[in-house]
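What the coordinates show
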Amino acid sequence: MNHLAHALLSGSNDDVRLGGMLGDFVRGGIDPQLPIGVRHGIALHRAIDTFTDTHVEIRAARALFEPPYRRYAGILIDIWFDHLLARDFSEWADIRLRDFSDDLLRLLQDRNDLLPESLGRFRVYMRARGLPAAYANRPMVGDVLIGVGSRFKHANPLAHGLIEISRLEFELARTFACFFPQLVAFAAGWHELPRD
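Here's what I pulled together on the structure shown here.

About the cut-offs
- Residues numbered from 1 in each chain as written.
- Predicted model: local features only at pLDDT ≥ 70, side-chain atom pairs only at ≥ 80, totals over all residues.
- Heavy atoms only, no water.
- 1 Å grid on protein atoms, 1.4 Å probe; cavity = no way out; pocket = protein on both sides within 12 Å on 5 of 7 lines; lining within 4 Å.
- Points joined across faces, edges and corners; volume = space filled by probe spheres on them.
- Helix = DSSP H or I, 4+ residues; strand = E, 2+ residues; numbered from the N terminus.
- Nonpolar A, V, L, I, M, F, W, Y, C, P; charged D, E, K, R; others polar.
- Axes fitted to C-alpha atoms, helices over the stretch in contact; angles between N-to-C directions.
- Parallel < 35°, antiparallel > 145°, perpendicular 65-115°, else oblique.
- Contact = heavy atoms within 4.5 Å.
- Core = buried A, V, L, I, M, F, W, Y, C linked by side-chain atoms within 4.5 Å.
- Buried < 20%, exposed > 50% of the residue type's maximum accessible area, 1.4 Å probe, protein only.
- Polar contact = N/O pair within 3.5 Å; in protein donor to acceptor, adjacent residues only side chain to side chain.
- Phe/Tyr/Trp six-rings, centres within 6.5 Å; stacked < 30°, edge-to-face > 60°.
- Salt bridge = Lys/Arg side-chain N within 4 Å of Asp/Glu carboxyl O.

Digging into the layout of surface pockets
Within this model, the largest pocket holds a volume of roughly 660 Å³. As for the largest pocket, its lining consists of 22 residues, of which Asn-2, His-3, Asp-24, Val-148 and Arg-151 are closest to the centre. Take the lining of the largest pocket: its biggest share by element is four residues, from helix α7 (residues 117-129). Per-class residue counts for the lining of the largest pocket are 10 nonpolar, six polar and six charged. Empty space within the second largest pocket amounts to approximately 170 Å³. Contributing to the lining of the second largest pocket are Leu-8, Gly-11, Ser-12, Arg-17, Trp-92, Ala-93, Asp-94, Ile-95, Phe-100 and Asp-103. Partitioning the lining of the second largest pocket into residue classes produces five nonpolar, two polar and three charged.

Re the packing of helix α3 (residues 36-54) against helix α4 (residues 56-63)
Here α3 crosses α4 at 60°, and the two axes come no closer than 5 Å. One element, α3, and the other, α4, form an angle in the oblique class. Contacts between α3 and α4 involve Thr-52, Asp-53 and Thr-54 from the first element and Val-56, Ile-58, Arg-59 and Arg-62 from the second. Of the residues belonging to the contact of α3 with α4, the class tally is two nonpolar, two polar and three charged.

Some thoughts on the nonpolar core
Soluble globular proteins tend to pack their nonpolar side chains together in the buried interior. Formed by 61 residues in total, the largest nonpolar core has its most connected members in Phe-65 and Phe-81. Broken down by element, the residue count for this core peaks at nine residues, all from helix α5 (residues 73-87). Setting aside residues up to four positions removed in sequence, Phe-65 forms contacts with Arg-70, Ala-73, Leu-76, Ile-77, Glu-164, Ile-165, Arg-167, Leu-168 and Leu-172.

A word on helix α2 (residues 14-22)
Of all nine residues making up α2, seven are buried, and the element is well covered by its neighbours. Along α2, the residues that are buried comprise Val-16, Arg-17, Leu-18, Gly-19, Gly-20, Met-21 and Leu-22. On its buried side, α2 packs onto α1 (3-9), α3, α6 (97-110) and α7. Among the residues of α2, the N-terminal cap falls to Asn-13, whose side-chain oxygen and the backbone nitrogen of Asp-15 are separated by 2.9 Å.

A word on the packing of aromatic side chains
Under the defined criterion, the tally for this structure stands at 11 aromatic pairs. Ring geometry for Trp-92 and Phe-176: centres 6.1 Å apart, planes at 85°, overall edge-to-face. Here Trp-92 is found in the loop between α5 and α6, whereas its partner Phe-176 is found in helix α10 (residues 169-188), with 84 residues between them in sequence. Ring pairs connect the aromatic residues Phe-51, Phe-81, Trp-92, Phe-176, Phe-179, Phe-180 and Phe-186, which therefore count as one cluster.

Focus on the pattern of salt bridges
Where charged atoms from two side chains of opposite charge approach closely, those side chains can pair. For the structure shown, the criterion picks out 12 salt bridges. For Asp-99, the salt bridge is made with Arg-96, and the minimal N-O distance between the two is 3.2 Å. According to the relative accessible area criterion, Arg-96 is exposed, its value standing at 54%. Between Arg-98 and Asp-102 there is a salt bridge; the shortest N-O distance is 3.5 Å.

Next up, the structure:
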């Protein structure tokens, strides 16, 4: 899943939401010096990724992509699912998408001291592009894919990924409708913080 989904699935605790955002920017063992909620959010992020990557619906959706896109199907699905989530955000949250997005950016700004440099840079990018709320706009998906593709050292087709997504739009919408409620239920089981 991508940034908007991770932030939403982290629940209402700011530390856990921060950890949900940190998940893509930290590797290896989780720093025991981080607040327990942040550590829990990182662990939840990793659990969500594992649940997603091994889910039968997601594996089937990846197989729908034609080469050369199939190798990048996980990235394409993650970003497109953030678009579907943003587009229909009121179905999944009791807060307006713009307010949720602003709150998330404010959290990242307020907790800047805990952000690795890479997430600090990404926070600036998010603010400049109006993310994650702007995921609701289809053209932004294309822009995001261009940006992601440009960070790879090798040639890749991500800049044209929206063309392949468009071909599979019906199937991906069906997959999201089936899969995402299951992911919401899975993440809800993580919302109680462990004791330190």
